[in-house]
Amino acid sequence: MAYKPRKVSASHSNRTSRKLRDATIGTHVPSGTRRTANRVNGGTVQFSNPRKSTRAKRGVVDHVLPSTSTRESDSAYSKRVSSRGFADGIQRQARIRGIAIVVAVVLLVVCVAGGVGVAAYFGSVSDKMGLGDSNAKGALVSPAEGKAPYVLLVGEFSKPGQAYDGPDMLMLARIDSDNKQVSLVSIPANAQVSLSDGNVHRIAEAQLLGGDEYLVSTVAAYTGVSVSHLIKTDADGLGDLVDALGGLTIDVSQEVDDPNAGDLYIPAGEQTLDGDAVLTLCRALNFAEGDETRAENQQKVVLALAGKLLDTNAFSIVPTLDTIAGTVRTDYSASDAMGLIDSLRGIDLTQVHAVRMPGYQLTSSSTGQEYFIASDDEWTAMLAAIEAGEDPTPAESEGPTVDPASFTVTVRNGSGITGGAQQMSDALAEGGFNVTETGNADQYVYNETLVVYQDNNFKEAAESIVNHLGAGRAIASNGFYTFETDVLVVLGKDWQPLN
């Protein structure tokens, strides 16, 4: 059956047009409401704020959010609309990452270049402070596992124009970085040793026969320790080193006025010394106990130098090492030296154990040369205390109790003091000692009073004479002295005649 189209009248068409106009956003009014000329229905539309509503009533509508079936909120819509800003942020972060990568690459290049510069700098400093043509490394050995290393400190302080007969300072430093403990042991340069030529020498003369290597090995054999490092300096180096550090503050125990050491006079007391004064202090020997006092002064200088270096910080130590590099020679590299200094920061230098190797002085009757003879038993006990990190200073002894009439005594004048032997003999006789012989020594060369015993059976007897006189030193003869009695007393220039 054919469909017959419906005929649309003019009135129907007009009604349809009005409905379409009423459905247009911003132009419609409710059905049945009379339209006002030149006005829109802004007052009947809901807007987000009054300002927009007022503008709409005036005929201005920027935009109207559509009513959605999902009832999407304004905030959600804002997030969706701002997706373009989010994409822009991602691109911006990518650009930042790219810039960061470029900066990192540039910094890496700078660091590599700086590292090469630092390496070259440390290499230069290490060369300046290196041992050069010294053969010392052949005698240096690594410390045993768990043991602190020993460092040999050598000072060559001979004056210009003076014949060089070996170093003036020999000192062993045991450095325990883990426990921040340091021990210093002075070894007299005139310690008696037999060297490779078969003759008796001062230990310092080992350097003349075989260089630093032979000196290091001789000291190691003499003391019974393994030497791991060497630090040495000379007269010019010590002076320059002290001046570069701004001088050293040292408490000088006795005034120094020794023309053989230098032209300077140094009064007793605490004072700041320049390079020349420190050098004079390290050389001086004209004290009542010359070698002992010189060893004490040299130890004070070493500790003062250590204090200066430990006062530097991480930033100033590098230029400091460069400044002092040419003043010392050592097997330590610049970086090793920095590590050593850093490991000892905070140590109390007033608690450093500083001692002199125990022994006594002995003058050869054939050559007149004065030698130091180590006391083996005392040194063994001292070394054991050092290894244990304890104070190695020998305890003061009250002295043995010996019957003064139980042994015989010979008194000889070795000082040149007129009548000195007789006065000494009288003083001993008053103390009950059995003096059987009095006379003069072969030479008046004794600066110190010596009480010599033939064998160990009379060691305590000799020490009892020292305690009675309040002066002198008890030593073993070891075949250097000829006398018939049990004990020999040699009057030295240090003895004051009794009134």
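Scoring rules and cut-offs
Residues numbered from 1 in each chain as written. Predicted model: local features only at pLDDT ≥ 70, side-chain atom pairs only at ≥ 80, totals over all residues. Heavy atoms only, no water. Patch = residues over 30% accessible without salt bridge, like charges linked within 9 Å, V, L, I, M, F, W, Y side chains within 5 Å. Areas by Shrake-Rupley, 256 points an atom, 1.4 Å probe, with all protein chains shown as cover. Salt bridge = Lys/Arg side-chain N within 4 Å of Asp/Glu carboxyl O. Lys, Arg positive; Asp, Glu negative; His and termini not counted. Charge placed at Lys NZ, Arg CZ, Asp CG, Glu CD. Helix = DSSP H or I, 4+ residues; strand = E, 2+ residues; numbered from the N terminus. Buried < 20%, exposed > 50% of the residue type's maximum accessible area, 1.4 Å probe, protein only. Contact = heavy atoms within 4.5 Å. Arc of directions from axis to C-beta. Pairing = 2+ DSSP bridges. Axes fitted to C-alpha atoms, helices over the stretch in contact; angles between N-to-C directions.

Together, D234, D236, D240, D243, D274 and D276 make up a region of like negative charge exposed at the surface. For the negative patch, the element with the most residues is helix α6 (residues 235-244), which contributes three residues. If you trace the backbone, D236 turns up in helix α6. When its relative accessible area of 60% is taken as the criterion, D236 is described as exposed.

Quick look at the environment of V151 now. In this fold, V151 is placed in strand β1 (residues 150-156). Taking relative accessible area as the criterion, V151 reaches 1% and is therefore assigned buried. Residues V151 and S226, spaced 75 residues apart in sequence, show a C-alpha to C-alpha distance of 9.1 Å. Dropping the residues within four chain positions of it, V151 is found in contact with M171, L172, A173, I175, H229, L230, I231 and Y332.

We now examine the pattern of salt bridges. Where charged atoms from two side chains of opposite charge come close, those side chains can pair. A full pass over the atoms with the stated rule returns 10 salt bridges. A salt bridge links R174 to E387; the shortest N-O distance between them is 3.9 Å. Of the two residues, R174 sits in strand β2 (residues 169-176) while E387 sits in helix α11 (residues 376-387), which places them 213 residues apart along the sequence. E292 is the salt-bridge partner of R473, the closest N and O atoms lying 3.1 Å from each other.

With that settled, consider the environment of N260. Summarising the element assignment, N260 is placed in the loop between β7 (248-252) and β8 (269-273). N260 sits in the exposed class, given a relative accessible area of 62%. Separated by 24 residues in the primary sequence, N260 and A284 have C-alpha atoms spaced 7.2 Å apart.

On to helix α10 (residues 334-343), then. Considered for burial, the residues of α10 that qualify are A334, A337 and I341. Down the axis, α10 shows its buried residues gathered within 60° of arc, on one side only.

Another point: the sheet that holds strand β9 (residues 329-330). Here we have six strands laid out as an open sheet, ordered β9-β6-β1-β2-β3-β10, and mixed in their pairing. Edge positions in the sheet fall to β9 and β10 (353-356), since each of these pairs with one other strand and no more. Its contacts with the sheet place α6 against β1 and β6 (227-234), and it is angled at close to 85° to β6. On top of the sheet, helix α8 (residues 290-310) reaches β1, β2, β3 (181-186) and β10; it is set at about 155° to β10, its chief contact.

What follows concerns unusual backbone geometry. As a rule of thumb, non-glycine residues mostly have phi less than zero, and peptide bonds are mostly trans rather than cis. A positive phi is found at K180, a non-glycine position, where the angle reads about 50°. In this structure, K180 sits in the loop between β2 and β3.

For R356, the location among the structural elements is in strand β10. The class of R356 is buried, set by a relative accessible area of 16%. If near-sequence neighbours (up to four positions away) are discounted, R356 is found in contact with S186, P188, D291, E292, A295, Q299, Q361, F372 and M382.

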